[in-house]
2 protein chains.
Amino acid sequence: MEEKEISRAVIKRLPRYYRYLGELLDNGVERISSNELSDRMQVTASQIRQDLNNFGGFGQQGYGYNVKYLYHEIGKILGLDKTYNVIIVGAGNLGQALANYVRFEKRGFRVIGMFDVNTQLIGKKVRGIEIRMLDELMPFLAENDIQIATLTLPKSAAEEVAVKLVEGGVKAIWNFAHTDLNLPEDVVVENVHLSESLMQLSYNLTSRQREKHKK
Amino acid sequence: MEEKEISRAVIKRLPRYYRYLGELLDNGVERISSNELSDRMQVTASQIRQDLNNFGGFGQQGYGYNVKYLYHEIGKILGLDKTYNVIIVGAGNLGQALANYVRFEKRGFRVIGMFDVNTQLIGKKVRGIEIRMLDELMPFLAENDIQIATLTLPKSAAEEVAVKLVEGGVKAIWNFAHTDLNLPEDVVVENVHLSESLMQLSYNLTSRQREKHKK
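Everything numeric here is computed off the predicted structure, so don't read it as measured data. (Residues numbered from 1 in each chain as written. Chains lettered and ligands numbered in written order. Predicted model: local features only at pLDDT ≥ 70, side-chain atom pairs only at ≥ 80, totals over all residues. Heavy atoms only, no water.)

(A) Spotlight on the overall build of chain A. A tally of regular secondary structure across chain A gives nine helices and ten strands. On the principal axes, the C-alpha backbone points of chain A span a range of 60 × 50 × 35 Å. Relative to its full complement of 215 residues, chain A shows a buried share of 53%. Expressed as a percentage of contacts within chain A between residues at least 6 apart in sequence, the contacts between residues at least 24 apart total 54%. Working note: accessible area of chain A is about 10,800 Å², and carbon and sulfur atoms make up 45% of it. (Helix = DSSP H or I, 4+ residues; strand = E, 2+ residues; numbered from the N terminus. Buried < 20%, exposed > 50% of the residue type's maximum accessible area, 1.4 Å probe, protein only. Contact = heavy atoms within 4.5 Å. Areas by Shrake-Rupley, 256 points an atom, 1.4 Å probe, with all protein chains shown as cover.)

(B) Local environment of unusual backbone geometry. The backbone of Q42 of chain B shows a phi angle near 55°, a positive value even though the residue is not glycine. Relative to the elements of secondary structure, Q42 of chain B occurs in the loop between α2 (34-41) and α3 (45-53).

(C) Here's a closer look at the packing of helix α1 (residues 8-26) of chain A against helix α2 (residues 34-41) of chain A. All names here are of chain A. Viewed as axis vectors pointing N to C, α1 and α2 meet at an angle of 105°, and their least axial separation amounts to 11 Å. Put simply, α1 runs roughly perpendicular to α2. Facing α1, whose interface residues are R16, Y17, Y20 and L24, α2 presents L37, R40 and M41. Of the residues assigned to the contact of α1 with α2, the class counts are five nonpolar, no polar and two charged. (Axes fitted to C-alpha atoms, helices over the stretch in contact; angles between N-to-C directions. Parallel < 35°, antiparallel > 145°, perpendicular 65-115°, else oblique. Nonpolar A, V, L, I, M, F, W, Y, C, P; charged D, E, K, R; others polar.)

(D) Here's a closer look at the environment of A158 of chain B. Residues and elements named next belong to chain B. Mapping A158 onto the fold places it in helix α8 (residues 155-167). On the basis of relative accessibility, which here comes to 0%, the residue A158 falls in the buried class. It is 45 Å that separates the C-alpha atoms of A158 and I32, two residues lying 126 residues apart in sequence. With sequence-adjacent residues up to four places away left out, A158 is seen in contact with L151, L153, A177, T179 and L181.

(E) Examining the sheet that holds strand β8 (residues 148-151) of chain A more closely. All names here are of chain A. Reading across from one edge, β6-β7-β5-β4-β8-β9-β10 is the order of the seven strands in this open sheet, with mixed pairing throughout. Of all the strands in the sheet, the pair left with one neighbour each is β6 (125-126) and β10 (188-191). Bridging between strand β5 (residues 109-116) and strand β7 (residues 129-133) involves three bridges; their strand directions are parallel. Across the sheet, F115 pairs through a bridge with R132, a residue of β7. (Pairing = 2+ DSSP bridges.)

(F) Layout of the relation of the copies chain B and chain A. Rotating chain B by 180° and translating it 0.0 Å along the rotation axis places it on chain A, where the RMSD comes to 0.0 Å. Here the two chains are linked by the operation of a two-fold rotation axis. (Least-squares fit on C-alpha atoms with pLDDT ≥ 70 in both.)

(G) Structural view of the nonpolar core. The biggest cluster of nonpolar side chains holds 102 residues, and the ones touching the most others in it are I74, M114 and W174 of chain A together with I74, M114 and W174 of chain B. Other than its neighbours up to four places away in sequence, I74 of chain B contacts L14, Y17, Y18, L21 and L52 of chain B. (Core = buried A, V, L, I, M, F, W, Y, C linked by side-chain atoms within 4.5 Å.)

(H) Expanded view of helix α4 (residues 67-77) of chain B. For α4 of chain B, the full list of buried residues reads V67, L70, Y71, E73, I74, G75 and I77 of chain B. Capping of α4 of chain B at its N-terminal end is provided by N66 of chain B; its side-chain oxygen lies 3.1 Å from the backbone amide nitrogen of K68 of chain B. (Polar contact = N/O pair within 3.5 Å; in protein donor to acceptor, adjacent residues only side chain to side chain.)

(I) Highlighting the sheet that holds strand β10 (residues 188-191) of chain B. An order of β6-β7-β5-β4-β8-β9-β10 (chain B) is seen for the seven strands of this open sheet, with the pairing classed as mixed. The open sheet has two edge strands with one neighbour each: β6 (125-126) and β10 of chain B. Sheet strands touched by helix α9 (residues 194-214) of chain A: β4 (84-89), β5 (109-116), β8 (148-151), β9 (172-175) and β10 of chain B. Its angle to β10 of chain B, the strand with the most contacts, is close to 165°. Contacts between α8 of chain B and the sheet are confined to β4, β8 and β9 of chain B, with β8 of chain B contributing the most and set at about 170° to the helix.

(J) Region of interest: the side chain of S207 of chain B. For S207 of chain B, the location among the structural elements is in helix α9 (residues 194-214). Among the polar contacts made by the side chain of S207 of chain B, one reaches the main-chain carbonyl oxygen of N204 of chain B at a distance of 3.3 Å.

(K) Region of the structure containing the interface of chain B and chain A. At the interface, 66 residues of chain B touch 66 residues of chain A. For the interface between chain B and chain A, the tally reads eight salt bridges. In this structure, K155 of chain A and E23 of chain B form a salt bridge, with 2.7 Å as the shortest nitrogen-oxygen distance. Put simply, chain B and chain A have 32 residue pairs in polar contact (both at pLDDT 80 or more) between them. Counting residues per element, the ones that place at least two in the side of chain B that touches chain A are α1 (8-26), α4, α5 (93-100), α6 (102-106), β9, β10 and α9 of chain B. At 18 residues, the largest contribution of residues to the side of chain B that touches chain A is made by α9 of chain B. In the side of chain B that touches chain A, the residues fall into 29 nonpolar, 17 polar and 20 charged. (Salt bridge = Lys/Arg side-chain N within 4 Å of Asp/Glu carboxyl O.)

(L) Quick peek at the packing of aromatic side chains. Per the counting criterion, the structure on display carries twelve aromatic pairs over all chains. For the ring pair F104 of chain A and W174 of chain A, a centre distance of 5.7 Å and an interplane angle of 75° mean the geometry is edge-to-face. You can see F104 of chain A sitting in helix α6 (residues 102-106) and its partner W174 of chain A sitting in strand β9 (residues 172-175), a full 70 residues away along the chain. Here F104 of chain A matches W174 of chain A in class, with each residue buried. Considering the side-chain rings of Y101 of chain B and F104 of chain B, the 5.0 Å spacing of their centres and the 50° angle between planes classify their relative orientation as tilted. An aromatic cluster is built from Y101, F104, W174 and F176 of chain A, whose rings are joined through pairwise contacts. (Phe/Tyr/Trp six-rings, centres within 6.5 Å; stacked < 30°, edge-to-face > 60°.)

(M) Here's a closer look at the pattern of salt bridges. Taken as a whole and judged by the stated rule, the model has 18 salt bridges over all chains. Between R132 of chain A and E136 of chain A there is a salt bridge, and its shortest N-O distance comes to 3.8 Å. Residue E136 of chain A is classed as partly exposed on the basis of its relative accessible area of 34%. Put simply, K76 of chain B and E73 of chain B hold a salt bridge, and the shortest N to O gap is 3.1 Å. You can see K76 of chain B and its partner E73 of chain B sitting in helix α4, three residues apart, about one turn around the helix. Among the residues examined, K76 of chain B registers a relative accessible area of 37% and is labelled partly exposed. A relative accessible area of 9% places E73 of chain B in the buried class. Linked by salt bridges that have partners in common, R16 and R19 of chain A together with D180 and E196 of chain B make up one network.

This is the structure:
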(Lines give C-alpha, C1' and ligand atoms only; values in the text may rest on other atoms or scores of the structure.)
Protein backbone atom coordinates (compact mmCIF):
# COMPACT_ATOMS: atom_id res chain seq x y z
CA MET A 1 0.00 0.00 0.00
CA GLU A 2 1.17 3.53 -0.73
CA GLU A 3 2.48 5.42 2.27
CA LYS A 4 1.53 9.05 2.47
CA GLU A 5 0.54 11.62 5.05
CA ILE A 6 -3.07 11.06 5.96
CA SER A 7 -4.95 13.83 7.65
CA ARG A 8 -6.11 13.43 11.22
CA ALA A 9 -9.69 14.00 10.13
CA VAL A 10 -9.57 10.99 7.80
CA ILE A 11 -8.00 8.82 10.48
CA LYS A 12 -10.76 9.82 12.87
CA ARG A 13 -13.35 8.58 10.40
CA LEU A 14 -11.68 5.21 9.80
CA PRO A 15 -13.02 3.41 12.88
CA ARG A 16 -16.52 4.31 11.78
CA TYR A 17 -15.92 2.89 8.29
CA TYR A 18 -14.50 -0.18 9.96
CA ARG A 19 -17.61 -0.57 12.10
CA TYR A 20 -20.02 -0.23 9.18
CA LEU A 21 -18.02 -2.58 7.00
CA GLY A 22 -17.93 -5.11 9.85
CA GLU A 23 -21.71 -4.97 10.08
CA LEU A 24 -22.05 -5.44 6.32
CA LEU A 25 -19.71 -8.41 6.53
CA ASP A 26 -21.80 -9.91 9.35
CA ASN A 27 -24.85 -9.51 7.14
CA GLY A 28 -23.20 -11.34 4.26
CA VAL A 29 -22.83 -8.29 2.01
CA GLU A 30 -19.91 -8.79 -0.39
CA ARG A 31 -19.87 -5.58 -2.39
CA ILE A 32 -21.09 -2.10 -1.75
CA SER A 33 -21.04 1.10 -3.79
CA SER A 34 -19.97 4.38 -2.26
CA ASN A 35 -23.56 5.55 -2.79
CA GLU A 36 -25.04 2.75 -0.70
CA LEU A 37 -22.39 3.17 1.98
CA SER A 38 -23.15 6.90 1.89
CA ASP A 39 -26.86 6.25 2.57
CA ARG A 40 -26.09 4.06 5.54
CA MET A 41 -23.41 6.19 7.07
CA GLN A 42 -24.97 9.54 6.29
CA VAL A 43 -21.72 10.79 4.83
CA THR A 44 -21.57 12.00 1.23
CA ALA A 45 -20.46 9.47 -1.36
CA SER A 46 -17.75 11.82 -2.55
CA GLN A 47 -16.40 12.09 1.00
CA ILE A 48 -16.23 8.31 1.16
CA ARG A 49 -14.45 8.04 -2.19
CA GLN A 50 -12.03 10.78 -1.19
CA ASP A 51 -11.29 9.20 2.20
CA LEU A 52 -10.68 5.76 0.80
CA ASN A 53 -8.57 7.12 -2.05
CA ASN A 54 -6.06 8.10 0.62
CA PHE A 55 -5.20 4.45 0.87
CA GLY A 56 -4.79 3.91 -2.83
CA GLY A 57 -8.51 3.49 -3.45
CA PHE A 58 -10.12 0.15 -2.93
CA GLY A 59 -12.96 0.43 -5.38
CA GLN A 60 -13.53 0.41 -9.09
CA GLN A 61 -15.79 2.92 -10.78
CA GLY A 62 -19.26 1.43 -11.14
CA TYR A 63 -18.26 -1.76 -9.44
CA GLY A 64 -18.16 -0.80 -5.79
CA TYR A 65 -15.99 -1.91 -2.92
CA ASN A 66 -15.16 -5.44 -1.90
CA VAL A 67 -16.43 -5.33 1.68
CA LYS A 68 -14.20 -8.01 3.13
CA TYR A 69 -11.05 -6.68 1.49
CA LEU A 70 -11.77 -3.11 2.51
CA TYR A 71 -12.61 -4.18 6.07
CA HIS A 72 -9.32 -5.99 6.45
CA GLU A 73 -7.27 -3.23 4.84
CA ILE A 74 -8.75 -0.60 7.13
CA GLY A 75 -8.17 -2.96 10.03
CA LYS A 76 -4.50 -3.15 9.08
CA ILE A 77 -4.20 0.63 8.82
CA LEU A 78 -5.71 0.90 12.29
CA GLY A 79 -3.23 -1.63 13.61
CA LEU A 80 -5.93 -4.21 14.32
CA ASP A 81 -4.05 -7.02 12.61
CA LYS A 82 -1.85 -7.28 15.69
CA THR A 83 -2.49 -8.20 19.30
CA TYR A 84 -1.69 -5.89 22.15
CA ASN A 85 -1.03 -6.71 25.78
CA VAL A 86 -3.02 -4.29 27.89
CA ILE A 87 -3.07 -3.52 31.59
CA ILE A 88 -5.70 -1.55 33.48
CA VAL A 89 -4.51 0.67 36.30
CA GLY A 90 -7.46 1.52 38.49
CA ALA A 91 -9.75 -1.46 39.08
CA GLY A 92 -12.84 0.40 40.22
CA ASN A 93 -16.16 0.26 38.41
CA LEU A 94 -14.89 1.74 35.18
CA GLY A 95 -11.71 -0.34 35.11
CA GLN A 96 -13.75 -3.48 35.73
CA ALA A 97 -16.26 -2.47 33.05
CA LEU A 98 -13.44 -2.15 30.52
CA ALA A 99 -11.89 -5.47 31.61
CA ASN A 100 -15.26 -7.10 30.98
CA TYR A 101 -15.55 -5.93 27.37
CA VAL A 102 -15.04 -9.14 25.48
CA ARG A 103 -15.22 -7.19 22.24
CA PHE A 104 -11.91 -5.44 22.89
CA GLU A 105 -10.24 -8.81 23.24
CA LYS A 106 -11.72 -9.96 19.93
CA ARG A 107 -10.10 -6.95 18.28
CA GLY A 108 -6.73 -7.95 19.66
CA PHE A 109 -6.57 -5.96 22.90
CA ARG A 110 -5.79 -8.57 25.57
CA VAL A 111 -6.08 -7.37 29.14
CA ILE A 112 -3.48 -9.35 31.08
CA GLY A 113 -3.20 -7.37 34.29
CA MET A 114 -5.18 -5.08 36.57
CA PHE A 115 -3.84 -2.91 39.35
CA ASP A 116 -5.27 -0.88 42.19
CA VAL A 117 -4.35 0.51 45.60
CA ASN A 118 -7.55 -0.66 47.29
CA THR A 119 -6.58 -3.62 49.47
CA GLN A 120 -10.17 -4.86 49.48
CA LEU A 121 -9.65 -5.84 45.84
CA ILE A 122 -6.67 -8.12 46.58
CA GLY A 123 -7.22 -11.51 45.03
CA LYS A 124 -10.37 -10.46 43.19
CA LYS A 125 -10.56 -11.55 39.57
CA VAL A 126 -12.40 -9.93 36.67
CA ARG A 127 -12.97 -12.28 33.74
CA GLY A 128 -10.09 -14.36 35.08
CA ILE A 129 -7.76 -11.38 35.38
CA GLU A 130 -6.32 -10.97 38.85
CA ILE A 131 -6.32 -7.56 40.47
CA ARG A 132 -2.84 -6.83 41.82
CA MET A 133 -1.69 -4.08 44.14
CA LEU A 134 0.07 -1.11 42.59
CA ASP A 135 3.45 -1.98 44.18
CA GLU A 136 3.56 -4.99 41.88
CA LEU A 137 3.33 -2.79 38.78
CA MET A 138 7.03 -2.31 38.04
CA PRO A 139 8.01 -5.99 38.39
CA PHE A 140 4.98 -6.87 36.24
CA LEU A 141 6.11 -4.48 33.52
CA ALA A 142 9.60 -5.93 33.69
CA GLU A 143 8.30 -9.46 33.18
CA ASN A 144 5.60 -8.77 30.60
CA ASP A 145 5.65 -6.93 27.31
CA ILE A 146 2.87 -4.38 27.78
CA GLN A 147 2.01 -2.10 24.89
CA ILE A 148 -1.03 -0.30 26.25
CA ALA A 149 -1.98 0.86 29.74
CA THR A 150 -5.47 2.02 30.56
CA LEU A 151 -5.66 4.65 33.29
CA THR A 152 -8.92 4.49 35.17
CA LEU A 153 -7.90 6.15 38.40
CA PRO A 154 -8.44 9.52 40.06
CA LYS A 155 -6.65 12.42 38.43
CA SER A 156 -4.56 13.06 41.54
CA ALA A 157 -2.72 9.77 40.99
CA ALA A 158 -2.75 9.67 37.19
CA GLU A 159 0.37 11.65 36.33
CA GLU A 160 2.59 9.80 38.81
CA VAL A 161 1.41 6.39 37.62
CA ALA A 162 1.75 7.44 33.98
CA VAL A 163 5.40 8.40 34.53
CA LYS A 164 6.05 4.97 36.09
CA LEU A 165 4.36 3.23 33.18
CA VAL A 166 6.57 5.07 30.72
CA GLU A 167 9.66 4.15 32.79
CA GLY A 168 8.47 0.57 32.57
CA GLY A 169 8.42 0.75 28.78
CA VAL A 170 4.73 1.34 28.05
CA LYS A 171 4.36 3.28 24.81
CA ALA A 172 0.62 3.96 24.75
CA ILE A 173 -1.79 5.20 27.38
CA TRP A 174 -5.56 5.15 27.17
CA ASN A 175 -6.32 7.86 29.69
CA PHE A 176 -9.68 8.11 31.44
CA ALA A 177 -8.34 10.26 34.27
CA HIS A 178 -9.64 13.79 34.00
CA THR A 179 -6.27 15.42 33.45
CA ASP A 180 -3.82 16.01 30.61
CA LEU A 181 -0.72 13.89 30.97
CA ASN A 182 2.65 15.48 30.28
CA LEU A 183 4.67 12.62 28.88
CA PRO A 184 7.59 12.22 26.47
CA GLU A 185 6.66 12.80 22.83
CA ASP A 186 7.11 9.20 21.78
CA VAL A 187 4.34 8.06 24.13
CA VAL A 188 0.93 7.89 22.52
CA VAL A 189 -1.90 9.19 24.71
CA GLU A 190 -5.57 8.87 23.85
CA ASN A 191 -7.84 10.71 26.25
CA VAL A 192 -11.41 9.79 27.10
CA HIS A 193 -12.68 12.70 29.14
CA LEU A 194 -16.20 11.62 30.03
CA SER A 195 -17.13 14.79 31.84
CA GLU A 196 -16.10 16.86 28.82
CA SER A 197 -18.38 14.74 26.68
CA LEU A 198 -21.20 15.33 29.13
CA MET A 199 -20.53 19.08 28.97
CA GLN A 200 -20.78 18.98 25.17
CA LEU A 201 -24.15 17.35 25.64
CA SER A 202 -25.38 19.96 28.08
CA TYR A 203 -24.04 22.73 25.83
CA ASN A 204 -25.96 21.35 22.86
CA LEU A 205 -29.10 20.80 24.89
CA THR A 206 -28.90 24.32 26.30
CA SER A 207 -28.24 25.99 22.97
CA ARG A 208 -31.16 24.15 21.33
CA GLN A 209 -33.41 25.39 24.08
CA ARG A 210 -32.10 28.93 23.68
CA GLU A 211 -32.88 28.78 19.94
CA LYS A 212 -36.36 27.48 20.67
CA HIS A 213 -37.09 30.34 23.04
CA LYS A 214 -35.98 32.83 20.44
CA LYS A 215 -38.49 31.49 17.92
CA MET B 1 -23.65 38.38 26.57
CA GLU B 2 -23.49 38.75 22.79
CA GLU B 3 -25.08 35.91 20.91
CA LYS B 4 -23.28 34.82 17.80
CA GLU B 5 -22.50 31.63 15.95
CA ILE B 6 -19.65 29.94 17.72
CA SER B 7 -17.69 27.33 15.84
CA ARG B 8 -17.85 23.72 16.91
CA ALA B 9 -14.08 23.70 17.38
CA VAL B 10 -14.29 26.47 19.97
CA ILE B 11 -17.13 24.75 21.78
CA LYS B 12 -15.07 21.57 21.92
CA ARG B 13 -12.29 23.43 23.70
CA LEU B 14 -14.53 25.07 26.31
CA PRO B 15 -14.73 22.09 28.70
CA ARG B 16 -10.97 22.06 28.83
CA TYR B 17 -10.82 25.77 29.67
CA TYR B 18 -13.45 25.10 32.28
CA ARG B 19 -11.37 22.33 33.82
CA TYR B 20 -8.18 24.40 33.97
CA LEU B 21 -9.98 27.41 35.38
CA GLY B 22 -11.60 25.18 38.00
CA GLU B 23 -8.18 23.93 39.04
CA LEU B 24 -6.84 27.49 39.26
CA LEU B 25 -9.83 28.43 41.38
CA ASP B 26 -9.20 25.46 43.69
CA ASN B 27 -5.62 26.68 44.05
CA GLY B 28 -6.74 30.15 45.01
CA VAL B 29 -5.56 31.88 41.82
CA GLU B 30 -7.62 35.01 41.18
CA ARG B 31 -6.20 36.34 37.94
CA ILE B 32 -4.34 34.79 35.06
CA SER B 33 -2.91 36.19 31.85
CA SER B 34 -3.48 34.45 28.55
CA ASN B 35 0.27 33.78 28.49
CA GLU B 36 0.22 31.90 31.80
CA LEU B 37 -2.88 29.99 30.81
CA SER B 38 -1.17 29.22 27.51
CA ASP B 39 1.83 27.69 29.32
CA ARG B 40 -0.36 25.48 31.44
CA MET B 41 -2.72 24.35 28.72
CA GLN B 42 -0.16 24.09 25.93
CA VAL B 43 -2.34 26.12 23.63
CA THR B 44 -1.03 29.36 22.11
CA ALA B 45 -1.95 32.56 23.96
CA SER B 46 -3.44 33.99 20.78
CA GLN B 47 -5.68 30.94 20.44
CA ILE B 48 -6.91 31.48 23.99
CA ARG B 49 -7.58 35.18 23.38
CA GLN B 50 -9.36 34.39 20.13
CA ASP B 51 -11.48 31.65 21.71
CA LEU B 52 -12.53 33.75 24.66
CA ASN B 53 -13.25 36.76 22.45
CA ASN B 54 -16.10 34.72 20.99
CA PHE B 55 -17.92 35.35 24.20
CA GLY B 56 -17.32 39.06 24.29
CA GLY B 57 -13.82 38.72 25.76
CA PHE B 58 -13.39 38.42 29.47
CA GLY B 59 -9.99 39.98 29.85
CA GLN B 60 -8.34 43.34 29.71
CA GLN B 61 -5.09 43.90 27.90
CA GLY B 62 -2.21 43.59 30.38
CA TYR B 63 -4.51 42.78 33.23
CA GLY B 64 -5.46 39.19 32.60
CA TYR B 65 -8.59 37.24 33.22
CA ASN B 66 -10.62 37.11 36.39
CA VAL B 67 -10.52 33.36 37.01
CA LYS B 68 -13.72 33.06 38.99
CA TYR B 69 -15.75 35.20 36.61
CA LEU B 70 -14.44 33.40 33.54
CA TYR B 71 -15.06 30.00 35.14
CA HIS B 72 -18.65 30.85 35.88
CA GLU B 73 -19.31 32.42 32.49
CA ILE B 74 -17.95 29.39 30.65
CA GLY B 75 -20.01 27.21 32.97
CA LYS B 76 -23.11 29.13 31.95
CA ILE B 77 -22.30 28.78 28.25
CA LEU B 78 -21.90 25.04 28.78
CA GLY B 79 -25.25 24.89 30.53
CA LEU B 80 -23.69 23.96 33.86
CA ASP B 81 -25.64 26.59 35.78
CA LYS B 82 -28.68 24.30 35.63
CA THR B 83 -29.45 20.88 37.02
CA TYR B 84 -30.44 17.97 34.84
CA ASN B 85 -32.36 14.86 35.73
CA VAL B 86 -30.56 11.90 34.25
CA ILE B 87 -31.43 8.24 33.85
CA ILE B 88 -29.10 5.41 32.97
CA VAL B 89 -30.44 2.67 30.75
CA GLY B 90 -28.18 -0.34 31.06
CA ALA B 91 -27.08 -0.98 34.63
CA GLY B 92 -24.10 -3.23 33.92
CA ASN B 93 -20.56 -2.36 34.92
CA LEU B 94 -20.34 0.77 32.82
CA GLY B 95 -23.78 2.05 33.83
CA GLN B 96 -22.94 1.47 37.47
CA ALA B 97 -19.57 3.16 37.04
CA LEU B 98 -21.28 6.25 35.65
CA ALA B 99 -23.89 6.21 38.41
CA ASN B 100 -21.08 6.20 40.94
CA TYR B 101 -19.40 9.33 39.61
CA VAL B 102 -20.14 11.83 42.33
CA ARG B 103 -18.46 14.50 40.24
CA PHE B 104 -21.23 14.47 37.64
CA GLU B 105 -23.76 15.18 40.35
CA LYS B 106 -21.69 18.11 41.59
CA ARG B 107 -21.86 19.58 38.09
CA GLY B 108 -25.64 19.35 38.13
CA PHE B 109 -26.24 15.97 36.48
CA ARG B 110 -28.46 14.10 38.95
CA VAL B 111 -28.98 10.43 38.22
CA ILE B 112 -32.47 9.64 39.46
CA GLY B 113 -33.19 6.32 37.79
CA MET B 114 -31.48 3.23 36.43
CA PHE B 115 -32.97 0.57 34.20
CA ASP B 116 -31.98 -2.86 32.99
CA VAL B 117 -33.49 -6.08 31.68
CA ASN B 118 -31.39 -8.33 33.91
CA THR B 119 -33.76 -9.61 36.62
CA GLN B 120 -30.80 -10.38 38.89
CA LEU B 121 -30.43 -6.62 39.35
CA ILE B 122 -33.97 -6.11 40.66
CA GLY B 123 -33.90 -4.18 43.90
CA LYS B 124 -30.18 -3.47 43.71
CA LYS B 125 -29.19 0.10 44.47
CA VAL B 126 -26.20 2.06 43.25
CA ARG B 127 -25.40 5.08 45.39
CA GLY B 128 -28.98 4.97 46.60
CA ILE B 129 -30.44 4.78 43.08
CA GLU B 130 -32.70 1.80 42.57
CA ILE B 131 -32.28 -0.33 39.47
CA ARG B 132 -35.68 -0.81 37.81
CA MET B 133 -36.70 -3.18 35.08
CA LEU B 134 -37.06 -1.77 31.58
CA ASP B 135 -40.84 -2.21 31.50
CA GLU B 136 -41.05 0.52 34.13
CA LEU B 137 -39.29 3.00 31.84
CA MET B 138 -42.32 4.61 30.18
CA PRO B 139 -44.30 5.19 33.39
CA PHE B 140 -41.13 6.57 34.98
CA LEU B 141 -40.67 9.02 32.12
CA ALA B 142 -44.30 10.07 32.43
CA GLU B 143 -43.91 10.81 36.13
CA ASN B 144 -40.47 12.42 36.07
CA ASP B 145 -39.01 15.22 34.03
CA ILE B 146 -35.94 13.59 32.51
CA GLN B 147 -33.64 15.70 30.36
CA ILE B 148 -30.80 13.29 29.71
CA ALA B 149 -30.70 9.53 29.21
CA THR B 150 -27.45 7.61 29.26
CA LEU B 151 -27.41 4.51 27.07
CA THR B 152 -25.03 1.88 28.39
CA LEU B 153 -26.51 -1.18 26.79
CA PRO B 154 -25.63 -3.50 23.90
CA LYS B 155 -26.00 -1.98 20.47
CA SER B 156 -28.68 -4.49 19.49
CA ALA B 157 -31.08 -2.89 21.99
CA ALA B 158 -29.92 0.72 21.75
CA GLU B 159 -31.98 2.02 18.84
CA GLU B 160 -35.26 0.57 20.14
CA VAL B 161 -34.73 1.98 23.62
CA ALA B 162 -33.65 5.35 22.19
CA VAL B 163 -36.90 5.62 20.23
CA LYS B 164 -38.87 4.92 23.41
CA LEU B 165 -36.91 7.53 25.32
CA VAL B 166 -37.69 10.12 22.68
CA GLU B 167 -41.37 9.15 22.78
CA GLY B 168 -41.18 9.66 26.52
CA GLY B 169 -39.93 13.22 26.02
CA VAL B 170 -36.18 12.83 26.52
CA LYS B 171 -34.32 15.46 24.52
CA ALA B 172 -30.71 14.40 25.01
CA ILE B 173 -28.99 11.05 24.83
CA TRP B 174 -25.50 10.24 26.03
CA ASN B 175 -24.84 7.19 23.92
CA PHE B 176 -22.23 4.59 24.87
CA ALA B 177 -23.76 1.89 22.65
CA HIS B 178 -21.55 1.19 19.69
CA THR B 179 -24.01 2.31 17.05
CA ASP B 180 -25.23 5.55 15.49
CA LEU B 181 -28.74 6.40 16.58
CA ASN B 182 -31.19 7.66 13.97
CA LEU B 183 -33.36 10.05 15.94
CA PRO B 184 -35.38 13.17 15.21
CA GLU B 185 -33.27 16.26 14.61
CA ASP B 186 -34.32 18.01 17.79
CA VAL B 187 -32.83 15.26 19.94
CA VAL B 188 -29.25 15.91 21.00
CA VAL B 189 -27.00 12.85 20.84
CA GLU B 190 -23.48 12.74 22.20
CA ASN B 191 -21.64 9.54 21.37
CA VAL B 192 -18.89 7.95 23.40
CA HIS B 193 -17.57 5.17 21.20
CA LEU B 194 -14.92 3.59 23.38
CA SER B 195 -13.76 1.06 20.81
CA GLU B 196 -13.22 3.85 18.27
CA SER B 197 -11.06 5.64 20.79
CA LEU B 198 -9.07 2.46 21.33
CA MET B 199 -8.63 2.13 17.55
CA GLN B 200 -7.26 5.68 17.37
CA LEU B 201 -4.78 4.62 20.01
CA SER B 202 -3.70 1.52 18.12
CA TYR B 203 -3.49 3.53 14.88
CA ASN B 204 -1.20 6.08 16.52
CA LEU B 205 0.90 3.41 18.19
CA THR B 206 1.25 1.50 14.93
CA SER B 207 2.10 4.54 12.84
CA ARG B 208 4.78 5.64 15.34
CA GLN B 209 6.33 2.21 15.10
CA ARG B 210 6.22 2.34 11.30
CA GLU B 211 8.02 5.69 11.36
CA LYS B 212 10.63 4.30 13.73
CA HIS B 213 11.37 1.39 11.46
CA LYS B 214 11.80 3.75 8.54
CA LYS B 215 14.48 5.74 10.36
